[in-house]
Amino acid sequence: MKFIPVLFLTLFTLLQFNFANAQTAGGKISGSVLDDAKKPLDGATVILLTAKDSAEVSKQLAHLDGSFTFQNLKDNTYLLRVTYLGYKDYRSDRIVVSQQKPVNLSPFTLSSTGKKLNEVAVTAQKSYIQQKIDRTVVNVGALISNTGTNALEVLEKTPGVQVDADGNITFKGKSGVLVMIDDKPTYLSAENLATYLRSLPSSSLDQIELMDNPPAKYDAAGNAGVINIKTKKNSVRGFHAVVSADYAQGHYGRTSESINLNYRINKVNLFANLAYDQERTFRRLEIDRDYFDTNGNLTSSLKDISYFRPTNHNTNIKAGMDFFVSPKTTWGIVYTGDISRSNDSSPVYSLLYDNNGVLDSTVNTLNTSKNKFNSNGINLNYTHKFDSTGRQLNFDLDYIHDIAGSNQMFVNNTYLPDGTLTNSTTLNDNLPSTINIYSAKADYSHPLKGKAKLEAGIKSSYVNTDNAANYYNVIDGVNTIDYNNTNRFLYKENINAAYINFNKNFGRFSLQTGLRVENTNGNGHQLGNVEKADSSFANHYTNLFPTAYFSYNLDTAGHNVLVLSYGRRIGRPNYGSLNPFTFFVDQYTYFSGNPFLKSQFTDNYKLAYSFRSLFTVAFAYNYTTDVQGETIHRDGDVFISTTGNIGQQKTLDLSVNTNFQPAKWWSVNLYAEVYKNTYQGEFYTGYLNQSQYTFSTNGNNQFTISKTWNAELSGFYDNGGTYGQFVILPKGMLNAAIQKKILDNKGSIKLSVRDIFHTFRPSGTITNIQDATATFHNYLDTQVVTLAFTYSFGKLTNVPQKRDTGGADSEQGRAH
């Protein structure tokens, strides 16, 4: 695929040629927006209108210094309208534009409304999808059906994101996505990340940022890109509270309650978000395996039927304080906590058949488990604005302490077809885990002349993990240590990074480039026991990660935009994936870690076209080496699952996103993509060469019935695809919801139905297993009816929004 860089270089050259021809054409209007105190209003909306009929020509947000510029304008007479929440709208006098004479306006001063927002009710509906040069923004609250769900279920409905039955997340057909919370990595293993996202209620979420090619400011981790989940923050003066509660009925009932508090007085801002949910879910998993001899003749078959009915109790806390030392300097401290407890009694029925399909024996396994996960994090942050131009310094210190543990008991009873018990074994285990994460980072932003900006930063993180696996064979009620599986694994990692990022507007052409360097040092130590010797490994490497974005307006109004981008990413192994322990599911299914797992590297290329943020089409090509993925290999009759380096992955992706209004009361967002995954590399069974096209679509309809009633119909579908060894069958989901605003628009009651036809049943085939084939089928507890109530109260006035804090996102994301 060497033609890909050549293609992008050619397109870039053509854009440069058009840009050069465009520089001499078009008029210009520039100015700035200030508040009552003559301070810049960053983010004010500036709308350019024609004076003749007030038709909208273009729109933009004021920069950090309050400035704005409209360029390449036709000779005409214009008007400007400026809006900002909490301020009276401003409308300018007529402005005559000539190509020969740029118009530099005196600063506009917006007057505060002086009114307190006695009722905290949002009357303007946010659009579900917003497109930016380097990311797609999803507004969680725009979908009524998100009410009463959790963060993982919200991601499940997000365009381009797929979530499997185990909670593993892929983005645009690729695994290895970095999930961040408020710009902070979660440092969690895939299993613990899924547990954490299930415990995070949708009522605490504000936006989801999807970045398939993040800028250099972000950690290079996550070969599939970054999904940044932004929780709700209040940027208001006074007291504000939102309480919500819901009850949901699926296979079992579940409840969720949360409260969001914010109080600002003088120089102090206090905030807290508390949430609790209790749920019991259901899952039925069937795995069918056929075993063959070397000549391809069937020798035996195995049918596993597993039932999972976990009961989960989750508590989330986020609380903190901001202290505004001066108008330019802010100190802040944030505490985040998560307490999760779950209990499960999961029976597994294994039916063994001979080559003629006659039942040979039955193994009944009862797996009882008690699991806990505690996470405590503290963030100290500092922001200093040197002047009104946007020159700014940010600093973050993070410490995160995670404790996880599991106590399990496996009772295996083997029976003949007539019900005679032939064997019984009992295995107990205790699996404690501790993770400590330390992170420090600093970011500096410096505006330059000519609408340019330079950003730079440094970061250092240190992680140490301690995982133990204590297994005991129970004989006559006495625990005896199983030294073959008992072990302890210690891992330490230090990552040092620095980046520089530059962006500038040249009329129709915009440029953003960056370079990040990361130095990684990892050391693993597997402690031995009386039967096994110690072992250890070390990894030290330094890599460069360039990024570039080129944007070109095809017309003077900026309605038609082309964006060309490139970026390089790394996918480091999750800490749990490096742990060489064996974890038992049943007598015929194990999970095992891989201390020899290597990092994967991805080159991402993308070309996108958008029209007024109403329509976007994009073509992307991604090439990954040493791609990581779940692999299944056979040891006798046992299937062992581990994370391995499969080889290389190539992904071609064509996606389309559109927003439109068929009627004033009906708005639609549609997303569709077609991608082809190709996997090639040495494998257990020889050379793996597997590829398949996948079609995926996601749609949302919003209906405004009246001022107090609105409804929604949404859903998604994909026709399956290939992911390493796994070939997935088609799946989809249809959702509906209706909402009634009550109590003077301070409250709302929402009724939603998720997976109306119960069609989300992830199933598929596992390929490339030596002398064996396997299929799996899931029956999940996704058909759920939810009734939710939300109420907002408090007296507020608007103040500028505080920045997101934290610098330990990528590390925390690998710990779950």
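Residues numbered from 1 in each chain as written. Predicted model: local features only at pLDDT ≥ 70, side-chain atom pairs only at ≥ 80, totals over all residues. Heavy atoms only, no water.

### Quick word on the sheet that holds strand β10 (residues 129-131)
Then, number 1: What the six strands build is an open sheet, ordered β10-β11-β16-β17-β14-β15; its pairing is mixed. With partners counted over all chains shown, the strands left at the sheet margins are β10 and β15 (184-185), one partner each.
Then, number 2: In the sheet, β10 pairs with strand β11 (residues 136-139) via three bridges, with the strands oriented antiparallel. Of the residues in β11, the one forming a bridge with Ile-129 is Val-138. (Pairing = 2+ DSSP bridges. Helix = DSSP H or I, 4+ residues; strand = E, 2+ residues; numbered from the N terminus.)

### Comments concerning the packing of aromatic side chains
Then, number 1: Throughout the structure, instances matching the rule amount to 28 aromatic pairs.
Then, number 2: For the pair Trp-331 and Tyr-382, a centre-to-centre distance of 4.7 Å together with 50° between the ring planes defines the contact as tilted. Residue Trp-331 is located in strand β24 (residues 329-354), and its partner Tyr-382 is located in strand β25 (residues 359-385); the two are separated by 51 residues in the primary sequence.
Then, number 3: For Tyr-382, a relative accessible area of 18% corresponds to the buried category.
Then, number 4: One cation-aromatic arrangement involves Arg-280 over Tyr-252; the distance from NZ or CZ to the ring centre is 4.3 Å.
Then, number 5: The lysine or arginine in question, Arg-289, covers the ring of Phe-639, its NZ or CZ lying 4.3 Å from the ring centre. (Phe/Tyr/Trp six-rings, centres within 6.5 Å; stacked < 30°, edge-to-face > 60°. Buried < 20%, exposed > 50% of the residue type's maximum accessible area, 1.4 Å probe, protein only. Lys NZ or Arg CZ within 6 Å of the ring centre and 35° of its normal.)

### Digging into the nonpolar core
Then, number 1: Membership of the largest hydrophobic core comes to 31 residues, with the highest contact counts inside it found for Leu-155, Val-161, Ile-169, Leu-197, Ile-208, Ile-227 and Ile-229.
Then, number 2: Broken down by secondary-structure element, the contributors of at least two residues to this core are α2 (151-156), β12 (161-163), β13 (169-171), β14 (178-181), α3 (190-199), β16 (205-211) and β17 (226-231).
Then, number 3: Those residues within four positions of Leu-197 in sequence are excluded, and the remaining contacts are Asn-150, Ala-151, Leu-152, Leu-155, Ile-169, Ile-181 and Ile-229.
Then, number 4: Listed in part, the 22 residues of the second largest apolar core include Val-57, Leu-73, Ile-95 and Val-97. (Core = buried A, V, L, I, M, F, W, Y, C linked by side-chain atoms within 4.5 Å. Contact = heavy atoms within 4.5 Å.)

### Regarding the side chain of Glu-493
Then, number 1: Looking at where Glu-493 falls in the secondary structure, it is placed in strand β31 (residues 487-506).
Then, number 2: Among the polar contacts made by the side chain of Glu-493, one reaches the side chain of Tyr-491 at a distance of 2.9 Å. (Polar contact = N/O pair within 3.5 Å; in protein donor to acceptor, adjacent residues only side chain to side chain.)

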